[in-house]
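Descriptive structure summary
Chain by chain, the residues run as shown.
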Amino acid sequence: MRLSRYFLPVLKETPSEAQIVSHRYMLRAGMIKQASAGIYSWLPLGFKVLRKIENIVHDEQARAGHIAIQMPTMQSADLWRESGRYDAYGQEMLRMKDRHDRDMLFTPTAEELVTDIFRSHVGSYKDLPLTLYQIQWKFRDEIRPRFGVMRGREFYMKDGYNFDLTKEDALHAYNRHLVTYLRTYERMGLQAIPMRADSGPIGGDNTHEFLVLADTGESEVFYDAQITDLKFGTREIDYDSHAQCQAVLEEFTSRYARTDETHDEALFNEVPEERRRQARGIEVGQIFYFGTKYSEAMGATVADSDGNRVPVHMGSHGIGVSRLVGAIIEASHDDKGIIWPEGVTPFHCGIVNLKQGDEEADGACEALYASLTALGLEPLYDDRNERAGAKFAGMDLIGLPWRITVGPRGLKNGVVELTSRRTGTSEELPPEQAIERIAQIYGRAAV
Ligand code: 5CA
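Residues numbered from 1 in each chain as written. Predicted model: local features only at pLDDT ≥ 70, side-chain atom pairs only at ≥ 80, totals over all residues. Heavy atoms only, no water.

Scanning the chain from terminus to terminus reveals 14 helices and 23 strands. Overall, the chain is about 80 × 55 × 45 Å in size when its C-alpha atoms are taken along their principal axes. The burial tally for the chain puts 54% of its 447 residues in the buried class. Considering only intrachain contacts with a sequence separation of at least 6, the fraction spanning at least 24 residues in the chain is 71%. For the chain, the accessible surface area stands at approximately 19600 Å², while carbon and sulfur atoms represent 47% of it. The positive charge centre, built from 53 side chains, and the negative charge centre, built from 67, are 4 Å apart in the chain. (Helix = DSSP H or I, 4+ residues; strand = E, 2+ residues; numbered from the N terminus. Buried < 20%, exposed > 50% of the residue type's maximum accessible area, 1.4 Å probe, protein only. Contact = heavy atoms within 4.5 Å. Areas by Shrake-Rupley, 256 points an atom, 1.4 Å probe, with all protein chains shown as cover. Lys, Arg positive; Asp, Glu negative; His and termini not counted. Charge placed at Lys NZ, Arg CZ, Asp CG, Glu CD.)

Encoded structure:
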């Protein structure tokens, strides 16, 4: 993309309504625009990051054998009356009437709808296990929407639902989700720690939240510092293996880590004092096992091997896709702007032309642009007639992890400059080598 042809409405002033850094940078970098309280339009740069996050989520769900569907945002109240949640959900649920005076609502989550799909089409234990998921806009009429996309009223969520014959199988699905989530967040450059939590209106007693540590997080958390040394990394897991998924769960949840809702001071005090941490965190996901709560209320049963109808065991599993955009920025920025992890960056690298209009500099930039594009990478070329300082400040704000700077002086010596946004270190090297380095970083075949 050439910046001169892009739509990147960068703000010069720091918006006064934004209280936390991710919200400020998302507004300043032209990623979002507020439409009304807690509701945002996603502008091109923000939309690209949202899509990258969404793609990682899909990819890791597919790896675990989960199946994507899409359910409507508008739902009839009837199903919610069956489960008893129409009245129980309270004011967070946005309710409305259609022209026939029927009660409708904007989905805050989708246990009822997915259970209805299940009971209409699945009748035998032979069709299990089954996990269906979607990535869809949700609405919760939060009393205090704030911090931009972090606590929105409309937000984008991955919600997955497992259906299993036995409690044991459903707990395997729970463990499997924990594994996929660890992998998902690490691919986004995040450490998200599973913590014992409260299940709220979803129900059930088995639940973990995934928290990214950040001072601006809304949750208060207590944990054993050893937990931050754990990395899932690139290990290969057989997602069908109960033992393997169980082992990962035990490894990642055996140390003390709880949100304030479930915090137990006496248990916490058993952790050696020098390892006890009290901090704040951003909840980027949550997994639940709630047994037969919805299947019994809504008659979602299957025939077991003896032909008896039994209610299925279920759980649901959420990832805050739009919240993650803010969470990643909270975890990765400096005083100049965002620092995108390579896994979610909106463009793979920036190209800054120090002397637009100079034949040699323009030609070198065009050649870099063409080579990177041919590798399947997306560069953002700042081809505007602007001062170098303004170009650098803009690139720093939008946070692309790598920048190639091209100027007549370097070109005389046959070099361009490759700069890491994270470390700020620069290296002079011939253009072909700069391309090779970027290709390696993103795992593309070298030129
Ligand atoms: N049905 C279950 C699992 S699918 C469920 O709704 N879980 S949840 O309530 O925990 O939401 C899942 C994730 O959505 C949360 O972990 C959080 O990351 C995100 N989320 C929840 N509320 C908001 C909000 N108001 N704004 C942005 N993200 C939110």
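After that view, the rundown keeps rolling.
So, about the sheet that holds strand β22 (residues 416–420). Strands pair in a sheet through their backbones, by hydrogen bonds, and they do so in one of two ways: parallel or antiparallel. The five strands lie next to each other as β20-β19-β21-β22-β23, forming an open sheet whose pairing is mixed. Two strands close off the open sheet at either side, each with one partner strand: β20 (379–382) and β23 (426–429). Across the sheet, the mean angle from the axis of one strand to that of its neighbour is 20 degrees, orientation sign disregarded. Strands in contact with helix α12 (residues 388–398) are β19 (349–353), β20 and β21 (402–406); relative to β19, the strand with the most contacts, it is inclined by about 170 degrees. (Pairing = 2+ DSSP bridges. Axes fitted to C-alpha atoms, helices over the stretch in contact; angles between N-to-C directions.)

Of note, R258 is situated in strand β12 (residues 257–259). For R258, which is buried and forms no salt bridge, the nearest opposite charge comes from D264, at a distance of 4.9 Å. Of note is the side chain of R258, whose polar atom sits 2.9 Å from the backbone oxygen of T262. (Salt bridge = Lys/Arg side-chain N within 4 Å of Asp/Glu carboxyl O. Polar contact = N/O pair within 3.5 Å; in protein donor to acceptor, adjacent residues only side chain to side chain.)

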